[in-house]
Amino acid sequence: MNLKLRKPPFPFSAAPTPATVEPLSGKKHTGIDYETEWARSFPARLARLAVLEGVLRPTMKVIASPDCRGLDRLHDLAGKRRSNEPPQPVIFAANHHSHVDTPLLLSSIPEPWRHRMFVGAAADYFFKTRVTSTASALALNAIPIERTRVSRRSADDAADLIDDGWSMLIYPEGGRSPDGWGQPFRGGAAYLALRCNVPVVPVHLEGTGRIMRKGSKRLTRSATRITFGPPLWPDRDAGDDSRRMAVRIERAVAALADEASTDWYTARLRAHRDATPALSGPDPPSPWRRAWALGDRGPKRRRASKRRWPDLG
Amino acid sequence: MPRPGFVLDVDRSTPPILFWAGEGFRLERLPAERSRVIYPPEPLDPLPHPEAAIRHALLNPLGDSKPLPELLFPGMRLTIAFDDISLPLPPMQRPDVRQRVIEAVLDMAAEAGVDDVHLIAALALHRRMTEPELRHAVGDRVYDAFAPTGHLYNMDAEDTDNMAYLGSTEQGEEVEIVRRAAESDLLVYVNINLVAMDGGWKSTATGLASYRSLRHHHNVRTLQHSRSLMDRHKSALHTSNWRMGKVITDAGVKIFQIETTLNTDTFPPPFDFLMKREWEWSAKDRALFLGSSKSLARAPSRLARQIFHSIKAPHAMASVQAGEVDAVHEETIRNVHRQQLVEVEGQTDVLTMGLPYICPYNVNSIMNPILVMCLGLGYFFNLYRNKPLVREGGVLIMSHPTPWEFHPVHHPSYIDFFEQVLAETTDPLRIEAEFEKSYAEDEWYRHLYRTSYAYHGVHPFYMWYWGAHALQHLGRVIIVGGEPRAVRRLGFMAASTMNDALEMASDVVGHSPTITHLHAPPLLLADVQ
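Fair warning: this is a prediction, and the values are worked out from it, not measured in the lab.

Participant: How would you summarise the overall build of chain B if you had to cite specific residues and measurements?
Facilitator: The helix and strand inventory of chain B stands at 22 helices and 20 strands. Judged by the C-alpha coordinates and their principal axes, chain B covers about 70 × 55 × 45 Å. Per-residue burial over chain B gives 58% buried out of 529 residues.

Participant: Pulling in residues and values, what's your account of the overall build of chain A?
Facilitator: Within chain A, the secondary structure is distributed over ten helices and nine strands. Within chain A, the proportion of its 313 residues that are buried is 38%. Expressed as a percentage of contacts within chain A between residues at least 6 apart in sequence, the contacts between residues at least 24 apart total 73%.

Participant: Kindly report on the domain arrangement of chain B, identifying the contributing residues and their values.
Facilitator: Residue and element names in this part refer to chain B. Taken domain by domain, chain B comprises domain 1 (6–39 + 269–310 + 345–528) and domain 2 (50–262). The distance between the C-alpha centroids of domain 1 and domain 2 comes to 29 Å. Elements with a contribution of two residues or more to the side of domain 1 that touches domain 2: strand E15 (384–385), helix H16 (428–434), helix H18 (443–451), helix H19 (459–466) and helix H20 (468–473). The biggest single contributor to the side of domain 1 that touches domain 2 is H19, with four residues. Within the side of domain 1 that touches domain 2, the residues separate by chemical class into 20 nonpolar, six polar and four charged.

Participant: Quick rundown of the sheet that holds strand E9 (residues 224–228) of chain A? Include the residues and the values.
Facilitator: Within a sheet, adjacent strands bond to each other through the backbone by hydrogen bonds, running parallel or antiparallel. Residue and element names in this part refer to chain A. Strand order in this open sheet of seven strands is E2-E9-E7-E3-E6-E4-E5, and the pairing throughout is mixed. Either end of the sheet is taken by a strand with one partner, and the two such strands are strand E2 (66–69) and strand E5 (142–145). Taking each pair of neighbouring strands and ignoring which way they run, the sheet shows an average axis angle of 25°. Note: strand E3 (residues 91–94) against strand E6 (residues 167–170), three bridges, orientation parallel. Paired with Ala-93 across the strands is Ile-170, a residue of E6.

Participant: Got a sec to walk through the packing of helix H5 (residues 152–163) of chain A against helix H6 (residues 188–196) of chain A? Specific residues and values, please.
Facilitator: All names here are of chain A. Two elements in contact, H5 and H6, have axes whose closest approach is 10 Å; the angle formed by their N-to-C orientations is 50°. Here H5 lies oblique to H6, going by the angle between them. Between H5 and H6 the crossing geometry is right-handed. The residues of H6 that touch H5, namely those facing Ala-155, Ala-158, Ala-159, Ile-162 and Asp-163, are Tyr-191, Leu-192, Arg-195 and Cys-196.

Participant: How would you summarise the nonpolar core if you had to cite specific residues and measurements?
Facilitator: Soluble, globular proteins show a tendency: their nonpolar side chains are buried together. Ranked by internal contacts, the top residues of the largest apolar core, which has 252 residues, are Ile-91, Phe-92 and Ile-249 of chain A together with Val-105 and Ile-478 of chain B. Here this core gets ten residues from one element, more than from any other, and that element is helix H8 (residues 242–261) of chain A. Here this core spans two domains, and each of domain 1 (6–39 + 269–310 + 345–528) and domain 2 (50–262) of chain B adds at least three residues to it. Once you skip the residues sitting within four places of it in the chain, Phe-92 of chain A turns out to touch Leu-105, Ile-109, Ser-167, Met-168, Leu-169, Val-201 and Val-203 of chain A.

Participant: Describe the environment of Pro-369 of chain B, listing the residues and the values that go with them.
Facilitator: Residue and element names in this part refer to chain B. Along the polypeptide, Pro-369 turns up in helix H14 (residues 369–380). The class of Pro-369 is buried, set by 25 C-beta atoms lying within 10 Å. When the C-alpha atoms of Pro-369 and His-400 are compared, they prove to be 9.5 Å apart, with 31 residues separating the residues in sequence. If we ignore the near neighbours within four places in the chain, the residues touching Pro-369 are Thr-402, Trp-404, Phe-418, Ala-486, Arg-489 and Leu-490.

Participant: Outline the environment of Asp-272 of chain B, supporting the account with residue identities and numerical values.
Facilitator: Residue and element names in this part refer to chain B. With respect to the helices, strands and loops of the structure, Asp-272 is situated in the loop between strand E11 (255–262) and helix H11 (283–298). Residue Asp-272 is classed as partly exposed on the basis of its C-beta count, with 16 C-beta atoms lying within 10 Å. Sequence separation between Asp-272 and Pro-314 is 42 residues; the distance between their C-alpha atoms is 10.0 Å.

Participant: Just give me the short version of the sheet that holds strand E14 (residues 348–354) of chain B, but keep the residues and values in it.
Facilitator: Residue and element names in this part refer to chain B. Spatially, seven strands are ordered E1-E4-E19-E14-E16-E17-E18 in an open sheet, and the strand pairing comes out mixed. With one partner strand each, in any of the chains shown, strand E1 (6–9) and strand E18 (493–495) form the two edges of the open sheet. Neighbour to neighbour, the strand axes of the sheet diverge by 25° on average, direction disregarded. In this structure, strand E4 (residues 35–39) lies alongside strand E19 (residues 515–518), joined through four bridges in parallel fashion. Pairing of Arg-36 across the sheet is with Thr-516, part of E19. With respect to the sheet, helix H22 (residues 498–509) is in contact with E14, strand E16 (390–399), strand E17 (476–480) and E18, its orientation differing from that of E17 by roughly 175°.

Participant: So, the interface of chain A and chain B: which residues are in play, and what are the values?
Facilitator: Facing the twelve residues of chain A at the interface are 16 residues of chain B. Top element by residues in the side of chain A that touches chain B is helix H9 (residues 264–272) of chain A. It accounts for six residues. Here the side of chain A that touches chain B is composed, by residue class, of three nonpolar, three polar and six charged.

Participant: I'd like to hear about the pairing of strand E13 (residues 341–344) of chain B, residue by residue, with values.
Facilitator: Residues and elements named next belong to chain B. Only one face of E13 is covered, namely the face carrying Val-342 and Val-344; the face carrying Leu-341 and Glu-343 is uncovered. Pairing of E13 with strand E20 (residues 525–528), which is carried by four bridges, proceeds in the parallel orientation. If you follow Val-344 over to E20, its bridge partner there is Val-528.

Participant: Requested: an account of the confidence of the model for chain A, with residues and values cited.
Facilitator: Per-chain confidence: chain A averages 84 in pLDDT, with 87% of residues scoring 70 or above. The low-confidence segment residues 298–302 of chain A, where pLDDT is below 50, has seven contacts with residues more than four positions distant or belonging to other chains.

Participant: Outline the packing of H14 of chain B against H19 of chain B, supporting the account with residue identities and numerical values.
Facilitator: In helix packing, the relevant descriptors are the interaxial angle and the interaxial distance, both defined with respect to the helix axes. All names here are of chain B. Direction vectors running N to C along H14 and H19 enclose 35°, while the axes themselves pass 8 Å from each other. Like other packed secondary-structure pairs, H14 and H19 cross with a definite hand, here left-handed. Residue-level inspection shows Ile-370, Leu-371, Cys-374 and Gly-378 of H14 in contact with H19, the latter providing Pro-460, Met-463, Trp-464 and Trp-466. Among the residues making up the contact of H14 with H19, the classes are represented as seven nonpolar, one polar and no charged.

Participant: So what's going on with helix H15 (residues 412–424) of chain B? Which residues, and what values?
Facilitator: All names here are of chain B. With 13 residues, H15 should cover 18 Å at 1.5 Å per step; its first-to-last C-alpha distance of 18 Å lies within 8% of that length. For H15, the principal kink sits at Phe-418 and spans about 35°. Buried within H15 we find Pro-412, Ser-413, Tyr-414, Phe-417, Phe-418, Val-421 and Leu-422. Against the buried residues of H15 lie H14, H16, helix H17 (436–440), H18, H19 and helix H21 (484–490).

Participant: Describe the environment of Pro-40 of chain B, and please don't skip the residues or the numbers.
Facilitator: Residue and element names in this part refer to chain B. By the element assignment, Pro-40 lies in the loop between E4 and helix H1 (50–59). Sequence-wise, Pro-40 and Arg-277 are 237 residues apart; in three dimensions their C-alpha atoms are separated by 9.6 Å. With sequence-adjacent residues up to four places away left out, Pro-40 is seen in contact with Gly-5, Thr-264, Gln-340, Val-342, His-519, Ala-520, Pro-522, Leu-523 and Leu-524.

Participant: Tell me what's going on with unusual backbone geometry, and back it up with residues and numbers.
Facilitator: Residues and elements named next belong to chain B. In this chain, Leu-89 is followed by Pro-90 through a cis amide linkage whose omega measures -20°. Inspection of the secondary structure puts Pro-90 in the loop between strand E5 (77–83) and helix H3 (97–112). For the bond running from Arg-94 to Pro-95, omega is 0°, close enough to zero to count as cis. Here Pro-95 is to be found in the loop between E5 and H3.

Parameters and conventions
Residues numbered from 1 in each chain as written. Chains lettered and ligands numbered in written order. Predicted model: local features only at pLDDT ≥ 70, side-chain atom pairs only at ≥ 80, totals over all residues. Helix = DSSP H or I, 4+ residues; strand = E, 2+ residues; numbered from the N terminus. Buried ≥ 20, exposed ≤ 12 C-beta atoms within 10 Å, placed from the backbone. Contact = placed C-beta atoms within 7 Å. Domains from an automatic or database assignment. Nonpolar A, V, L, I, M, F, W, Y, C, P; charged D, E, K, R; others polar. Pairing = 2+ DSSP bridges. Axes fitted to C-alpha atoms, helices over the stretch in contact; angles between N-to-C directions. Parallel < 35°, antiparallel > 145°, perpendicular 65-115°, else oblique. Left-handed = near helix turned anticlockwise from the far one by under 90°. Core = buried A, V, L, I, M, F, W, Y, C linked by C-beta atoms within 7 Å. pLDDT = per-residue confidence, 0-100. Expected span 1.5 Å × (residues − 1). Bend = angle between axes of the 7 residues up to and from the residue.

Have a look at this one:
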């Protein structure tokens with residue numbers, strides 16, 4: 001099944017300002033300045049619930065056939081219903097291949113977190129216009145994060161929400177993978193975990209790049225696997241700072257990638273030998289060799305092709 | 001702070017008491033001034049950080065054992081054996097405590113670079129576990145890592161080539177356990193101690209043993225002298241297992257025992273009212289009781305069974321200890337007592353109990369009449385220390401529908417035992433002498449045990465022997481609500497109501513007997529003074 005997503009032409013979408021013309025000045029209401037508080041109001045949450053359960057979840061089930069692993073690792077964070085213990089807010093940190101990652105994760109992360117999640121989304125991409133900002137805030141409960149520089153406002157907003165009991169979905173790579181391999185993890189998730197003293201749950205996504213890789217405007221059906229890892233708590237006593245914890249998160253996601261492509265015990269053997277394959281792929285810089293090596297990753301699943309017999313009349 | 005268990009003296013203000021009856025429950029009013037009800041302690045608080053507790057136990061073993069990482073080395077043969085589907089009851093919500101422990105052990109083995117690892121479900125003569133049951137016990141990660149390559153499997157006690165004879169005790173008890181476990185550089189046993197009977201040397205000497213070995217303690221004489229099965233120092237069954245343990249140790253088998261105890265958080269919402277004291281039921285609890293008991297009574301038995309067997313208990317780990325078998329087990333028993341022990345003053349003329357839908361041998365299966373006998377007379381009767389709750393010659397009244405129904409795949413030899421053996425006699429000694437050998441060595445039962453999901457041919461005999469001590473001790477057994485034909489075949493009496501049962505008991509214990517009701521599950525252990 002192929003779906004083509006195209007931006008509607010002017011006048012059905014706003015016309016770009018010509019490069020030679022000075023844009024109108026005034027207070028900006030997009031990008032990092034976009035206010036998203038309304039997206040946590042009751043009507044907005046209700047609308048998001050309807051969109052998530054009524055549209056995104058069934059769509060993802062059809063397009064991505066998600067195979068969720070490791071949900072049992074979240075058991076101890078879920079709180080106790082009998083003693084009214086609330087669930088632990090967490091930061092879900094995942095590798096990033098595709099625009100499909102966010103709806104897929106939002107519809108796969110289990111209760112009690114699923115409907116109390118917000119997403120750290122690139123301010124320069126998802127909050128570029130009023131329309132995309134509103135849509136991102138409403139459908140994904142996204143808040144703008146500046147990925148080009150450290151922004152106090154982004155961090156404060158995210159920390160306030162976590163302190164308020166919300167959980168966060170963030171992609172520490174800062175953007176989608178350009179070639180199917182991972183990029184170095186940045187310190188944002190680790191910084192927030194240390195600041196709010198909440199655990200980071202590493203998540204590995206496999207297969208979303210086949211559905212819609214960066215640069216593609218087509219959706220292609222493909223099976224995906226989501227592997228949730230054991231929660232990583234910030235440990236200041238052991239010398240955790242943002243940089244060290246970001247390394248731990250990246251290693252944990254790499255171990256999950258190894259687990260997804262081999263098996264858990266093999267992945268543990270390699271992790272203890274410091275031999276876990278890096279998310280960033282093999283060393284040789286030549287693009288074709290990196291692309292070639294990419295073929296070895298992921299479970300060896302092949303959809304049985306429909307046998308076509310020649311029409312003999 | 002969880003409240004301890006207690007004994008309630010029934011007076012006129014006491015509300016009717018909950019009785020389990022298979023896939024259903026009922027309320028019964030007990031006679032005032034001469035009845036009492038034993039309530040179990042409330043569930044202990046779970047360990048706040050179970051993974052950290054497991055790791056701590058592995059690094060700080062009890063007894064003369066070294067920490068687990070010091071016992072692991074590259075190139076070694078490591079075997080991890082774990083308790084089968086019979087524990088815990090009901091099966092617990094994911095993640096199962098075995099999964100948590102096995103993952104922690106394997107993580108250390110991975111750190112040490114151990115490649116040759118086998119994981120064995122310690123079935124003895126129980127039925128094989130299905131793939132979903134194994135996945136539930138050890139988790140998907142462990143299953144997917146080891147089962148596809150044949151390194152995670154159910155043991156086969158009839159595979160003579162893969163069983164190892166280790167020697168005999170001074171009493172002539174032969175010890176034969178799984179060869180891979182016996183010949184490994186280290187055997188790690190992962191246990192769940194749901195009741196005081198489990199664990200210790202019984203894990204290895206029974207869980208990994210064959211019929212050749214088991215017949216020395218799973219027999220009428222031993223079980224009649226196990227008083228009770230829940231008190232290892234007064235149990236002939238356990239004494240025999242401990243003797244066998246010495247043979248295993250002397251044969252050079254190195255064992256690292258990991259034992260866990262669970263709290264008694266047995267039923268999740270909406271069935272959690274079944275764990276509450278009747279006078280503490282809220283309006284919602286009462287509505288749930290009325291709705292569920294009425295609808296279950298009208299539901300087809302198959303549907304009711306499906307509903308109950310889908311219940312996964314919210315059990316949480318209350319303790320974990322690891323190291324040398326004896327030292328570990330003593331600590332485990334202390335922790336079981338901390339959760340389950342209730343002091344009870346003196347014995348009673350009549351003991352009543354409501355039998356639930358599940359026992360160790362009908363998980364995802366049917367509770368047949370032989371298992372009803374085993375659960376009531378074998379397990380619940382033995383939930384005591386010092387003296388039985390009921391006096392010698394007293395009456396046991398159980399409530400259970402006791403249908404004449406068997407699971408044809410899981411319990412094929414039970415069907416023949418019921419039709420052939422019990423039709424002849426219910427005397428355990430005669431049954432053992434005349435019938436046991438032919439069932440134990442029957443090729444068809446062996447085939448079903450090895451290749452299907454059947455309990456071994458001799459298993460129904462063991463169920464009957466399990467109740468041998470109670471049969472010897474009691475004057476009469478009455479089943480309230482039991483199917484008369486099936487109850488008569490068991491050698492017991494069937495009653496329609498509790499009042500009828502008490503009337504029938506009066507022949508044996510007079511018209512004003514003292515009555516004690518065991519309010520279980522959740523499980524408790526009566527310390528009878």
